[in-house]
Amino acid sequence: MPGEPEVRLPDTPATPLPAETGPPPEGRLVRVLPEPARIGRAFDYSVPDATDGPLEVGSMVRVALAGRPVGGWVLECDVTPPDGVTLQPIRKITGHGPPAEVIDLCRWAARRWAGRLATFLTTASPHRAVPALPNPPTPGPPPTASEAEIAEVVAAALEHPVATLRLAPAADPLGAVLAGLAQRWEQGPGLVVVPEHAQAAQLTRALRRAGVTAVPYDRAWAAAKAGGSTVVGTRAAAFSPQGDLGVVVIVDEHDESLQEEGSPSWHAREVLVERCARLGVPLLLISPVPSQEAVALGPVLSLSRSAERSGWPPIDLIDLRAEDPRVGLFHPRIVAAARAAHRPVFVLNRTGRSRLSICRNCSATATCERCDAAVSRLETGIFTCPRCAHERPEVCLACRGTAFANLRLGVSRVVEEASALLGVDVAEATGASGGRDGLPEGGPVVGTEAVLHRAGSADLVVFLDFDQELLAPRYRAAEQALALLARAARLVGPRAGGGRVIVPTREPEHPVLHAAVLADPDRAVAAERSRRQLPAPPPSGAVAEIAGQAAPAYVERLTPLLDDVPDAQLLNPEDGRWLLRAPGWQQLSALLDQVERPPGRLRLRVDPLRL
DNA sequence: CGGACAAGCTGA
DNA sequence: CAGCTTGTCCGG
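Values in this document were obtained by computation on a predicted structure and should not be read as measured data.

**Topic: helix H4 (residues 174-183)**
Here is step 1 of the chain: Most of H4 is tucked away, with seven of its ten residues classed as buried.
Here is step 2 of the chain: Along H4, the positions that sit buried rather than exposed are Leu174, Ala176, Val177, Leu178, Ala179, Gly180 and Leu181.

Spelled out as structure tokens, the structure:
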């Protein structure tokens, strides 16, 4: 049979005409950014007239991309698609998404922290679809005035675009939050951001009791978008969809939980500074130990000296320089105080490799002469600073002695020692071990700093190795150490409550300890600023960490651009990651923005928490 | 992100 | 040269 080839193979399609135009698309045309952040591009779709659901910038939709369904956000309505593309209809409108104002804020954040827009939009979007918004509540009267002194200080703070209210750790921030809300009642409800989920839940309840319509951000996104309610949430609430903000308050502004640990390493405080500036809404920061960023952003206001003092418990220092470095962790004063306490809490920070060199002659801790970090002995005879890499011979800076003892600590040994000394069982609460319910009601507990979150209440906190904190090889070590003392102070309660904090130390003159003992955080801030001449950490300088499998390719593209930015420097600290420094985040972000991202995994963290 | 397809390595 | 891996490109 001389049959003709009747089957046309599908792999040789007729070449489509370049300007092939289908039927004109029906309905409106929208530009959609797909949810998967790696895609990173927007695509145009048509919206059939019959589609129901809210259609506006920010709406969440489902579309087909390369034949498979994905979620996405409408970034623009009524767009003009590029020539030659045939639009597909969107599959459905899923529901409400972040408003245009928040999308712009996300664009800013994506640039600021060298992240992707989709990552921020995910943070700013509801967890579940919101097809319709509830009715906003009818506005009620402002909450009744707080204590006069608080109301007055808050009023003064709200005169500024950004101001910090320094409130002692054991003081309840509720009064200040209420005062802030009341004073801006006419302009709209508030947004209150706190570090921890439990704090958000507790503050929401307290605000409701005070007559404020408050909703938790994580469970009431729809109510937040509907407006009229004060929103309380953790850092993601910085992107709350409220359209009618009257005031923004951040409680415990210094807390590291306000910064995302991963990449992009965005910080709720910085996001809200930008958002408030755009909206002309005042931002009130509250903290017992304001960060240097807060200090740089505006005035720091405080209550009277006596009011602040009363909100810190007594903090007792034990000067270990007078003791034999081998005396052990439990000074007789600690044992006596712990025996008298109902629930003593012992904090031992790192479970493993904490190591200090102690001068055998004068008991001073060996530190870096340039930056004050505790030095380590990488090779015999030479101290190396893990923070600034400065090297010096093994000589005591205080007494010129050359013999050093190596101090090491471990949690299990401490539990044993404490049990023996106190004659009772001592519970252990490390970060790894279980939930908060594992701890008995009273009695002594030993743990890492996580124990300060889990102990529930305590009438005594003892820091067993606070010098490790004070001298840690990190930027911000001093700030973090003071924050730790504030956390302990909050657990123990106000001065009148009978609790106390004990800090054995070889650094009793350290400004951080002075600040806590005198309940005067100003002292630590002043010291921190004048202390060292290192490349400046935030807020006076900016650092980005470039890591991940695609880091070398990224650095290769970045390097030629460095010539135009004389103040930027690129450092490679050996382990496959790079650090990029610039005088400020503006220069840093602008530089990173010019680099085209190479394919592959890349971790880009601007101003990371820890380096 | 996930599929499509192109360019490289291995084994008879 | 099939058969598989690894890489690059692209989606409306």
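**Points about the pattern of salt bridges**
Here is step 1 of the chain: This model, assessed by the stated rule, comprises 27 salt bridges.
Here is step 2 of the chain: Between Arg31 and Glu76 there is a salt bridge, with its nearest N and O atoms 3.6 Å apart. You can see Arg31 sitting in strand E1 (residues 28-34) and its partner Glu76 sitting in strand E4 (residues 68-77), a full 45 residues away along the chain.
Here is step 3 of the chain: Look at Glu76 and you get partly exposed, because its relative accessible area is 38%.
Here is step 4 of the chain: One salt bridge in this structure joins Asp522 and Arg166, with 3.2 Å as the shortest N-O distance. Remark: Arg166 occurs in strand E7 (residues 162-166) and Asp522 occurs in helix H16 (residues 522-531); sequence separation between them is 356 residues.
Here is step 5 of the chain: The partly exposed category is assigned to Asp522, whose relative accessible area is 45%.
Here is step 6 of the chain: In the salt-bridge network here, residues are joined through shared partners; they are Arg166, Arg305, Glu308, Asp520, Asp522 and Arg523.

**Some thoughts on the packing of aromatic side chains**
Here is step 1 of the chain: In this structure the tally under the stated criterion is eight aromatic pairs.
Here is step 2 of the chain: On the numbers, 5.5 Å between centres and 70° between planes, the contact of Phe330 with Phe346 is edge-to-face. Of the two residues, Phe330 is situated in the loop between strand E14 (315-319) and helix H10 (332-340) and Phe346 in strand E15 (residues 344-347); the sequence distance between them amounts to 16 residues.
Here is step 3 of the chain: Accessibility expressed as a relative area gives 0% for Phe346, which makes it buried.
Here is step 4 of the chain: Put simply, the rings of Trp108, Trp113 and Trp585 touch in pairs and so form one group of aromatic residues.
Here is step 5 of the chain: The ring of Trp113 is capped by Arg112, whose NZ or CZ atom sits 4.5 Å from the centre of that ring.

**Description of the protein's contact with DNA strand B**
Here is step 1 of the chain: Residues in contact with DNA strand B, as listed here, are Pro36, Arg38, Ile39 and Arg68.
Here is step 2 of the chain: Within the contact set of DNA strand B, a phosphate oxygen lies 3.0 Å away from a side-chain nitrogen or oxygen of Arg68.
Here is step 3 of the chain: Residue composition of the surface near DNA strand B, grouped by class: two nonpolar, no polar and two charged.

**Focus: the sheet that holds strand E23 (residues 460-463)**
Backbone-to-backbone hydrogen bonds pair the strands of a sheet. The strands run either parallel or antiparallel.
Here is step 1 of the chain: Strand order in the open sheet formed by six strands is E14-E24-E23-E15-E22-E21, and the pairing between neighbours is parallel. Each having just a single partner strand, E14 and strand E21 (427-429) make up the two edges of the open sheet. Strand-to-strand, the axes of this sheet are offset by a mean angle of 20°, without reference to chain direction.
Here is step 2 of the chain: In this structure, E23 lies alongside strand E24 (residues 500-505), joined through three bridges in parallel fashion. Paired with Val461 across the strands is Val501, a residue of E24.

**Side note on the nonpolar core**
Here is step 1 of the chain: The biggest cluster of nonpolar side chains holds 69 residues, and the ones touching the most others in it are Phe239, Leu283, Ile546 and Leu580.
Here is step 2 of the chain: Element by element, the count of residues in this core is highest for helix H1 (residues 100-112), at seven residues.
Here is step 3 of the chain: Not counting the four nearest positions on each side in its chain, Leu580 is found in contact with Ala542, Val543, Ala544, Ile546, Leu558, Leu562, Ala568, Gln569, Leu570, Leu588, Leu591 and Leu592.
Here is step 4 of the chain: Among the nonpolar cores identified, the runner-up in size contains 41 residues, and Leu356, Ala458, Leu485 and Ala515 belong to it.

**Some details on the sheet that holds strand E17 (residues 376-379)**
Here is step 1 of the chain: An order of E17-E18-E19 is seen for the three strands of this open sheet, with the pairing classed as antiparallel. Edge positions in the open sheet fall to E17 and strand E19 (391-393), since each of these has one partner strand only. Strand-to-strand twist of the sheet, defined as the mean angle between neighbouring strand axes without regard to direction, takes the value 45°.
Here is step 2 of the chain: Where strand E18 (residues 382-384) meets E19, three bridges bridge the pair, whose relative direction is antiparallel. By the bridge assignment for E19, Phe383 is matched with Arg392.

**Notes on empty space enclosed by the protein**
Here is step 1 of the chain: Per the counting criterion, the structure on display carries two cavities of 30 Å³ or more.
Here is step 2 of the chain: Roughly 50 Å³ of volume is contained in the second largest cavity.
Here is step 3 of the chain: Forming the walls of the second largest cavity are Leu167, Ala168, Ala171, Pro173, Val251, Asp252, Ile286, Ser287, Pro288 and Arg490.
Here is step 4 of the chain: Its residues assigned to classes, the lining of the second largest cavity comprises seven nonpolar, one polar and two charged.

**Structural notes on the confidence of the model for chain A**
Here is step 1 of the chain: When pLDDT is averaged across chain A, the result is 87; 88% of the residues are at 70 or more.
Here is step 2 of the chain: Here residues 1-21 is a poorly scored stretch, pLDDT under 50, and it has one contact once near neighbours within four places are set aside; other chains count.
Here is step 3 of the chain: Confidence drops under a pLDDT of 50 for residues 530-535, and excluding neighbours within four residues, the segment shows 17 contacts in the predicted structure.

**Focus on the side chain of His331**
Here is step 1 of the chain: Among the secondary structure elements, His331 is positioned in the loop between E14 and H10.
Here is step 2 of the chain: With residues up to four places along the chain from it excluded, the contact list for His331 reads Ile318 and Glu323.

**Focus on the protein's contact with DNA strand C**
Here is step 1 of the chain: In the neighbourhood of DNA strand C, the contacting residues comprise Arg41, Phe43, Asp44, Tyr45, Leu65, Ala66, Pro82, Val85, Thr86, Leu87 and Gln88.
Here is step 2 of the chain: One nitrogen or oxygen atom from the side chain of Arg41 is found 3.3 Å from a base nitrogen belonging to DNA strand C.
Here is step 3 of the chain: Between DNA strand C and the protein, one listed contact pairs a sugar or linking oxygen with a backbone N or O atom of Asp44 at 2.7 Å.
Here is step 4 of the chain: Per-element tally for the surface near DNA strand C: the top contributor is strand E2 (residues 43-47), with three residues.

Conventions and cut-offs
- Residues numbered from 1 in each chain as written.
- Chains lettered and ligands numbered in written order.
- Predicted model: local features only at pLDDT ≥ 70, side-chain atom pairs only at ≥ 80, totals over all residues.
- Heavy atoms only, no water.
- Buried < 20%, exposed > 50% of the residue type's maximum accessible area, 1.4 Å probe, protein only.
- Helix = DSSP H or I, 4+ residues; strand = E, 2+ residues; numbered from the N terminus.
- Salt bridge = Lys/Arg side-chain N within 4 Å of Asp/Glu carboxyl O.
- Phe/Tyr/Trp six-rings, centres within 6.5 Å; stacked < 30°, edge-to-face > 60°.
- Lys NZ or Arg CZ within 6 Å of the ring centre and 35° of its normal.
- Near = heavy atom within 4 Å.
- Polar contact = N/O pair within 3.5 Å; in protein donor to acceptor, adjacent residues only side chain to side chain.
- Nonpolar A, V, L, I, M, F, W, Y, C, P; charged D, E, K, R; others polar.
- Pairing = 2+ DSSP bridges.
- Axes fitted to C-alpha atoms, helices over the stretch in contact; angles between N-to-C directions.
- Core = buried A, V, L, I, M, F, W, Y, C linked by side-chain atoms within 4.5 Å.
- Contact = heavy atoms within 4.5 Å.
- 1 Å grid on protein atoms, 1.4 Å probe; cavity = no way out; pocket = protein on both sides within 12 Å on 5 of 7 lines; lining within 4 Å.
- Points joined across faces, edges and corners; volume = space filled by probe spheres on them.
- pLDDT = per-residue confidence, 0-100.

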